[in-house]
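Architecture and fold: a report
Here is how the chains run, residue by residue.
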Amino acid sequence: MLFRSVAQGECLSSIAKKYGISDWRSIYNAPENAGFRQKRSNPNILCPGDSLVIPDPQLRTEDKPADQLHTFVRKSYKTTIHIVVEDEMGKPFKSTNYDLKVGEESYQGTTGGDGSITQEISADETSGELTIHASGGGYSWTLDIGHLDPDETDDGVKGRLHNLGFDVDSGREGFDEQAVIALKAFQYAAGLPVTGTMDDTTRNKLFKLHDRV
C-alpha cells in the first residue's frame, strides 16, 4: 500500500488511473480510508492535502491454451462530467447545441431540458472548453475539471460563487473583500439575510444551488 496526498485538480478516477486501478471505488472503499470517507462523503469532491491510502492493484490471471493467439483488452480509464449551463438570469440553456473540447477530444451535442450536459471523458483530464450556440450569440467557458474544493473551505465557497456567475476571483487566496461582496450578492439573490458571513443557512443554500446535479 501507498500513502499519498491529493493534489489540486485530482479526482479519484485520475488517481486510480495513475496507479493502474480500474475502479476508483477500490480506493474510496478501502478499509484504510475509513477516515477519509467520513471526511469526504461525496467522493467526487476532494481537497488538496487530503490523505489517501492507495491499495495494491489486484492481479488477474487468465488460463488460455498456449498454441493459440489470444487478444486481451486493457480497460479504458474514464470518468463522467456533469454540467448545467445557465444564462445571466439563471435560466437554463434548454435544448441548445454545444461544442465541448477536453484534452485532444471534441464532443458535440444538445443540452437537456434543464440545461444539462453529461459526457464521459478520460479520467486524467483537468481542463476543457465549452461553447454554447444560443440564439442571439454564443457563450464560451474555460473548464477547470476536478478543481472544485469542498464547500467548507474558502476556495470551495469562492469556486461555487464564481460558477454561479457572481464576481469573485476564485484563483486568489483567502476570503477577501471581493469575495465578501460576491457572497452578499448571492445572499440577496437567494432571499437570505445579507450579512457577508458564511453561516450554515447560506452554506446550505449555496451547496443546494450549485451541487444539485
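Residues numbered from 1 in each chain as written. Predicted model: local features only at pLDDT ≥ 70, side-chain atom pairs only at ≥ 80, totals over all residues. Heavy atoms only, no water.

Here the focus is the overall build of the chain. Looking only at helices and strands, one finds six helices and eight strands in the chain. Taking the principal axes of the C-alpha coordinates as reference, the chain spans close to 75 × 45 × 25 Å. When burial is assessed residue by residue, the chain has 36% of its 213 residues classed as buried. For the chain, restricting intrachain contacts to residue pairs at least 6 apart in sequence, the fraction spanning at least 24 positions comes to 49%. (Helix = DSSP H or I, 4+ residues; strand = E, 2+ residues; numbered from the N terminus. Buried < 20%, exposed > 50% of the residue type's maximum accessible area, 1.4 Å probe, protein only. Contact = heavy atoms within 4.5 Å.)

It is worth spelling out the nonpolar core at this point. Counting 15 residues, the largest nonpolar core has Ile 83, Val 85, Leu 100, Ile 117, Leu 130 and Ile 132 as the members making the most contacts within it. Among the elements of the structure, β3 (78–84), β4 (97–102), β6 (116–122) and β7 (127–134) are those that each provide at least two residues to this core. In contact with Leu 130, not counting residues within four places along its chain, are Ile 83, Val 85, Tyr 98, Asp 99, Leu 100, Ile 117, Tyr 139, Ser 140, Trp 141 and Leu 143. (Core = buried A, V, L, I, M, F, W, Y, C linked by side-chain atoms within 4.5 Å.)

As a further point, take helix α4 (residues 154–163). Side chains of residues three or four places apart in an α-helix project in the same direction, reflecting 3.6 residues per turn. The set of residues buried in α4 consists of Gly 156, Val 157, Lys 158, Gly 159, Arg 160 and Leu 161. For α4, the elements touching its buried residues are α5 (177–189) and α6 (200–210).

Turning our attention to the side chain of Ser 13. Mapped onto the elements, Ser 13 comes out in helix α1 (residues 12–18). At a separation of 3.3 Å, a polar atom in the side chain of Ser 13 contacts the side chain of Thr 79. For Ser 13, the residues in contact, after removing those within four places along its chain, are Trp 24, Lys 78, Thr 79 and Ala 123. (Polar contact = N/O pair within 3.5 Å; in protein donor to acceptor, adjacent residues only side chain to side chain.)

Moving on, we get to α6. When α6 is considered as a whole, its buried residues turn out to be Thr 202, Leu 206 and His 210. With its buried residues spanning 50 degrees around the axis, α6 presents them on a single face. Along α6, exposed side chains directed more than 90 degrees from the buried face belong to Asp 200, Thr 201, Asn 204 and Lys 208. Residues of α6 that are buried in the fold lie against α4 and α5. Capping of α6 at its N-terminal end is provided by Asp 199; its side-chain oxygen lies 3.2 Å from the backbone amide nitrogen of Thr 201. (Arc of directions from axis to C-beta.)

Okay, the packing of aromatic side chains next. Applying the stated criterion to the full structure yields five aromatic pairs. Here the aromatic rings of Phe 93 and Tyr 139 are separated by 5.1 Å at their centres, their planes lie at 50 degrees, and the arrangement is tilted. Here the residue Phe 93 occupies a position in the loop between β3 and β4, and Tyr 139 occupies one in strand β8 (residues 137–144), the gap between them amounting to 46 residues. Ring plane angle 85 degrees and centroid distance 5.8 Å describe the contact between Phe 166 and Phe 186, whose orientation is recorded as edge-to-face. (Phe/Tyr/Trp six-rings, centres within 6.5 Å; stacked < 30°, edge-to-face > 60°.)

For the rest of this paragraph, the subject is empty space enclosed by the protein. Over the atoms, a rolling probe the size of a water molecule traces out where space has been left empty. Summed over the entire model, instances satisfying the criterion amount to one cavity of 30 Å³ or more. By volume, the largest cavity is sized at about 30 Å³. The residue makeup of the lining of the largest cavity, split by class, is five nonpolar, three polar and two charged. (1 Å grid on protein atoms, 1.4 Å probe; cavity = no way out; pocket = protein on both sides within 12 Å on 5 of 7 lines; lining within 4 Å. Points joined across faces, edges and corners; volume = space filled by probe spheres on them. Nonpolar A, V, L, I, M, F, W, Y, C, P; charged D, E, K, R; others polar.)

A separate point is the sheet that holds β7. Spatially, the four strands line up as an open sheet ordered β5-β4-β7-β8, and their pairing is antiparallel. In the strand order of this sheet, the two ends are held by β5 (105–110) and β8, each with one partner. Strand-to-strand, the axes of this sheet are offset by a mean angle of 15 degrees, without reference to chain direction. Bridge count for β4 against β5 is six bridges, and the pairing is antiparallel. What sits directly across from Tyr 98, in β5, is Gly 109. (Pairing = 2+ DSSP bridges. Axes fitted to C-alpha atoms, helices over the stretch in contact; angles between N-to-C directions.)

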